[in-house]
Amino acid sequence: MMVRTQDNTAMECPICVTCGTQYPAAAAEPARCPICEDARQYVPVTGQRWTTLPALRATHNNVFRRYEEGLYAIGTQPAFAIGQRAWLLRTPHGNVLWDCIALLDDATLDIVRAFGGISAIAISHPHYYTTMVEWANAFDAPLWLHAADRDWVMRDDTAIRHWSGDTHSLLDGVTLVRAGGHFPGGAVLHWRDGRDGRGALLSGDVLQVVPDRKHVSFMWSYPNYVPLPAAQVRAIAARVEPFDYDAVYGAFWNAEIVGDGKAAVAASARRYIAMLERGPLG
Ligand SMILES: [Zn+2]
Ligand SMILES: [Zn+2]
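Read on for an overview of the structure. Source: prediction; values computed, not measured.

With that settled, consider the overall build of the chain. Each helix and strand in the chain was counted, giving six helices and 21 strands. Its C-alpha atoms give the chain a radius of gyration of 19 Å, within 12% of the compact-globule value 19 Å for 282 residues. For the chain, buried positions account for 56% of its 282 residues. Relative to all contacts within the chain whose residues are 6 or more apart in sequence, the contacts with residues 24 or more apart total 54%. Counting only carbon and sulfur atoms, one obtains 51% of the accessible surface of the chain, whose full area is about 12300 Å².

Written out as structure tokens, the structure is:
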């Protein structure tokens, strides 16, 4: 979106360089980024910096990678801000964009339109809200966010729909699950028909897939290494337990568990809780 100031200079919506969050267009850049000033993110020692979508388009592009039929990850190179990927999930009932990245460029618009556009957007938590309003407007798609995190919306829009409670059916076979933990409204997406009907969980960093690709972790703040209490890890495990899934697709490149995902999550929760309550085993 572009607005014009009183002296008729064009103003683009500013984007925080550290977290990728886009703010409303204004005559001056915001003084601060509340997402980064929160202890679950950080302001770099070099200070707050801003960019815009046109500037980002000039230096970055998006890449697509297919993980299974109907499931594509979209990421930006070189890495920008937090560096997460978004997911395009294609189903017979419509396409879903799960999570979001700041860069929306012409190539991405063309490719996603060729796939049939987007029927609904849902985002795991505020760190990935980024330019969600640009994506929602470009594809004329409703934008589903959990109501518990509504205070973290930095650029409001009529496309935003808040859901509440612990589950929300987005499309047939696609269910949002509020896991909590990292953020009170922290959500994951369950895809019933993924992995040839064994199911898949798109976990963002609410369940963070770790480098062995056999476990997940659960943190309140990832950059500042602040853990969650055992009771909240137990609650996360309980909220995803009713769902069956074989794969866990995480927020970052090379962060997916392919095979026995549900058992991996349950074992990871047990390991984490045991460490908090009893210390190292063996
Ligand atoms: Zn920020
Ligand atoms: Zn996060």
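Mapped onto the elements, Arg155 comes out in the loop between β10 (143-146) and β11 (160-163). Separated by 2.6 Å, the side chains of Arg155 and Gln22 make a polar contact.

With that settled, the discussion passes to the coordination of the zinc ion (ligand 1). Within the protein, Cys16 (SG), Cys19 (SG), Cys33 (SG) and Cys36 (SG) serve as the donor atoms for the zinc ion (ligand 1), at 2.3 Å. Here the zinc ion (ligand 1) binds four donor atoms, and the angle range of 104 to 118° at the metal identifies the geometry as tetrahedral. Positions of the donor residues of the zinc ion (ligand 1) along the chain correspond to the pattern C-x2-C-x13-C-x2-C. Pair noted here: Cys19 is in the loop between β3 (15-16) and α1 (34-37) and Cys33 is in the loop between β3 and α1, with a separation of 14 residues, a long-range link. Residue class for Cys33 comes out buried when judged on its relative accessible area of 0%.

Here we come to the pattern of salt bridges. Under the counting rule described, the total for this entry stands at 15 salt bridges. Taking the shortest distance from any N to any O, the salt bridge between Asp246 and Arg198 comes out at 3.4 Å. Placement of the pair is Asp246 in the loop between α5 (230-240) and β20 (247-250) and Arg198 in the loop between β14 (187-191) and β15 (200-204), with a sequence separation of 48 residues. We classify Arg198 as partly exposed; its relative accessible area is 43%. Glu256 serves as the salt-bridge partner of Arg213, at 3.6 Å between the closest nitrogen and oxygen. Residue Arg213 is located in the loop between β16 (208-209) and β17 (216-217), and its partner Glu256 is located in strand β21 (residues 256-258); the two are separated by 43 residues in the primary sequence. Judged by relative accessible area, which is 36%, Arg213 ranks as partly exposed. What makes Glu256 buried here is its relative accessible area of 5%. Residues joined in a network through salt bridges with shared partners are Arg195, Asp196, Arg198 and Asp246.

Moving on, we come to the packing of aromatic side chains. All chains considered together, the criterion is met by eight aromatic pairs. Note on Trp152 and Phe183: the rings are 6.0 Å apart at their centroids and 90° apart in plane angle, and the pair reads as edge-to-face. Pair noted here: Trp152 is in the loop between β10 and β11 and Phe183 is in the loop between β13 (174-178) and β14, with a separation of 31 residues, a long-range link. Of the residues examined, Phe183 reaches a relative accessible area of 1% and is grouped as buried. Through a chain of ring-to-ring contacts, three or more aromatic side chains come together here, namely Tyr67, Trp87 and Tyr249. Its end group placed over the ring of Phe183, Arg40 keeps NZ or CZ at 3.9 Å from the ring centre.

Moving on to the sheet that holds β10. Strand order in the open sheet formed by seven strands is β5-β6-β7-β8-β9-β10-β11, with mixed pairing between adjacent strands. The open sheet has two free edges, formed respectively by β5 (61-68) and β11, since each of these has just one partner strand. Strand after strand, the sheet turns through a mean of 25° between neighbouring axes, direction not considered. Strands β8 (94-98), β9 (120-122), β10 and β11 of the sheet are contacted by helix α4 (residues 132-139), whose axis makes an angle of about 145° with β10.

Before going further, it helps to examine the coordination of the zinc ion (ligand 2). The zinc ion (ligand 2) binds to the protein through His125 (NE2), His127 (ND1), His182 (NE2) and Asp205 (OD); the donor distances cover 2.1 to 2.5 Å. Donor residues binding the zinc ion (ligand 2) come from one chain and are separated in sequence as H-x1-H-x54-H-x22-D. Taken as a pair, His125 in the loop between β9 and α4 and His182 in the loop between β13 and β14 lie far apart in primary sequence, 57 residues in all. Each of the two residues, His125 as well as His182, counts as buried.

Basis of the calculations
- All chains use their own residue numbering, which begins from 1 and follows the written sequence.
- Chain letters and ligand numbers both follow the written order, the letters beginning at A and the numbers at 1.
- Predicted model: local features are reported for residues with pLDDT of at least 70 only, side-chain atom pairs are reported and counted for 80 or more only, and whole-chain, interface and lining totals are derived from all residues.
- Note: side-chain values were computed over all heavy atoms of the structure, leaving out hydrogens and water.
- Secondary structure is summarised from DSSP: a helix means a run of H or I of at least four residues, a strand means a run of E of at least two, and numbering begins at the N terminus for each.
- Computation of the radius of gyration draws on C-alpha atoms alone. For the globule rule, the value is 2.2 Å times the number of residues to the power 0.38.
- Burial classes: relative accessible area under 20% of the type maximum marks a residue as buried, over 50% as exposed, and values in between as partly exposed (1.4 Å probe, protein chains only).
- By the convention used here, residues are in contact when the closest approach between their heavy atoms is within 4.5 Å.
- Here, Shrake-Rupley sampling with a 1.4 Å probe gives the accessible areas, and only protein chains in the shown set may cover a residue.
- Nitrogen and oxygen atoms within 3.5 Å of one another constitute a polar contact, given that in protein one can donate a hydrogen and the other can accept it, and given that sequence-neighbouring residues count only through two side-chain atoms.
- Because water is not among the atoms used, a metal site may look incomplete, as its donors are only the N, O and S atoms within 2.8 Å, or 3.2 Å for Na, K and Ca.
- Geometry is assigned from donor-metal-donor angles: four donors are tetrahedral when every angle falls between 85 and 135 degrees, four are square planar and six octahedral when opposite donors sit over 155 degrees apart with all other angles between 65 and 115, and any other arrangement is irregular.
- Any Lys or Arg side-chain nitrogen located within 4 Å of an Asp or Glu carboxyl oxygen qualifies as a salt bridge.
- Pairing of aromatic rings covers Phe, Tyr and the six-membered ring of Trp, with a centre-to-centre limit of 6.5 Å; geometry is then stacked below 30 degrees between planes, edge-to-face above 60, and tilted otherwise.
- Charge-over-ring placement is defined geometrically: NZ (Lys) or CZ (Arg) within 6 Å of the ring centre, and within 35 degrees of the ring normal.
- Between any two strands, pairing holds if DSSP finds at least two bridges.
- Between N-to-C directions, angles span 0 to 180 degrees; the directions come from axes that are lines fitted to C-alpha atoms, helices contributing only their stretch in contact.

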